[in-house]
Amino acid sequence: MNHKSIALILSSLVLLILMMSFSTKNYLLFSFAILLITLGVYFWKFEKSRHTSREVVFIAIICALAVVGRIIFAAIPSVKPELFILIMGAIVTGPETGFLMGTIIALTSNMYFGQGVWTPWQMFALGVIGLISGICFQKRPRTWILTIWGLVSGFLMGWIMDIYYIIGFVDPITVKSILTSIAASFYFDFVHGLFTAVLLLLVGKRWIQIFNNYKVKYNLFDKKS
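Residues numbered from 1 in each chain as written. Predicted model: local features only at pLDDT ≥ 70, side-chain atom pairs only at ≥ 80, totals over all residues. Heavy atoms only, no water.

A. Structural detail: the overall build of the protein chain. Along the protein chain, the regular secondary structure elements total eight helices and zero strands. Counted from the first residue to the last, the protein chain has its helices and strands arranged as α-α-α-α-α-α-α-α. Against the 2.2 N^0.38 benchmark of 17 Å for 225 residues, the protein chain shows a C-alpha radius of gyration of 17 Å, consistent with a compact globule. Along the first, second and third principal axes, the C-alpha atoms of the protein chain reach 55 × 35 × 30 Å. Split into buried and exposed, the 225 residues of the protein chain put 49% on the buried side. Nonlocal contacts in the protein chain, meaning residues at least 24 apart in sequence, comprise 78% of its contacts between residues at least 6 apart. Approximately 11400 Å² of the protein chain is accessible, and the part contributed by carbon and sulfur atoms is 70%. (Helix = DSSP H or I, 4+ residues; strand = E, 2+ residues; numbered from the N terminus. Rg over C-alpha atoms; globule rule 2.2 N^0.38 Å. Buried < 20%, exposed > 50% of the residue type's maximum accessible area, 1.4 Å probe, protein only. Contact = heavy atoms within 4.5 Å. Areas by Shrake-Rupley, 256 points an atom, 1.4 Å probe, with all protein chains shown as cover.)

Below you can see the structure in the form of structure tokens.
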């Protein structure tokens, strides 16, 4: 993990800690702060390269697909394709761009689902998943490894959101209450991860090929981390 990726995680964590410390209700302020920091690191990554409008369009397309997919499946709890689309996009574009897309997807989709204190946490969770996907799977990932990561990503997002829930709503915080909270979310995390894993197993390679073809055709994201 390079220094830019570390900067993204640390900066986002600092903002989350500040939000908890001050018990602030200005969650949108912190959401946009995370997004601005992510954008700053993203452009820092490309400071010596030439930006293209096509790269911005590519990022926007992936984010839009994830947001629309999440909204379409809104009626079915935990069955959401946003992790699948984010993972595919991050693999093709790289870790910092993956983090950026994760934060945008969470913030934008919550314009429909509702903003709240959970929004910065969701931005961080999706950002981390995009970051890890971009770091670990830049070289032709095997389908079975991708499938396992899809399952794990569902639990990873759930565990990060469990931290938000435990800190904000569990009193007293004990080992028993922590385990109870994690157990209560297990089914939803499992379904989310399983749905993502199935999509990666069935059509993951095809989506990577489509994204890579677009990337090569328009010469996008030459310098990945």
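Next, the rest of the story.
B. A look at the nonpolar core. Formed by 51 residues in total, the largest nonpolar core has its most connected members in Ile87, Met88 and Ile129. For this core, the elements supplying multiple residues, two or more each, are α1 (3-21), α2 (27-45), α3 (53-72), α4 (82-93), α5 (95-113), α6 (118-136), α7 (143-169) and α8 (175-217). (Core = buried A, V, L, I, M, F, W, Y, C linked by side-chain atoms within 4.5 Å.)

C. Representation of the side chain of serine 153 within the structure. Structurally, serine 153 is set in helix α7. When sequence neighbours within four positions are dropped, the list of residues in contact with serine 153 reads Leu83, Ile87, Ile129 and Thr196.

D. Seen up close, the packing of aromatic side chains. Per the counting criterion, the structure on display carries 16 aromatic pairs. The ring of phenylalanine 113 has arginine 70 lying over it, and the distance from NZ or CZ to the ring centre is 4.4 Å. (Phe/Tyr/Trp six-rings, centres within 6.5 Å; stacked < 30°, edge-to-face > 60°. Lys NZ or Arg CZ within 6 Å of the ring centre and 35° of its normal.)

E. Quick look at the layout of surface pockets. What the largest pocket holds in volume is close to 690 Å³. Lining the largest pocket are 28 residues, with Arg70, Ser78, Gln122, Met157 and Met161 positioned closest to its centre. Ranked by residues supplied to the lining of the largest pocket, first place goes to α7 with eight residues. Per-class residue counts for the lining of the largest pocket are 13 nonpolar, 10 polar and five charged. (1 Å grid on protein atoms, 1.4 Å probe; cavity = no way out; pocket = protein on both sides within 12 Å on 5 of 7 lines; lining within 4 Å. Points joined across faces, edges and corners; volume = space filled by probe spheres on them. Nonpolar A, V, L, I, M, F, W, Y, C, P; charged D, E, K, R; others polar.)

F. Summary view of the packing of α1 against α6. For the pair α1 and α6, interaxial distance at closest approach is 11 Å and the crossing angle is 165°. For the element pair α1 / α6, the angle class is roughly antiparallel. Crossing handedness for the pair α1 and α6: left-handed. In this structure, α1 contributes Ser5, Leu8, Ile9, Ser12, Leu13, Leu16, Met19 and Met20 to the contact, and α6 contributes Pro120, Trp121, Phe124, Leu131 and Ile135. The residue makeup of the contact of α1 with α6, split by class, is 11 nonpolar, two polar and no charged. (Axes fitted to C-alpha atoms, helices over the stretch in contact; angles between N-to-C directions. Parallel < 35°, antiparallel > 145°, perpendicular 65-115°, else oblique. Left-handed = near helix turned anticlockwise from the far one by under 90°.)

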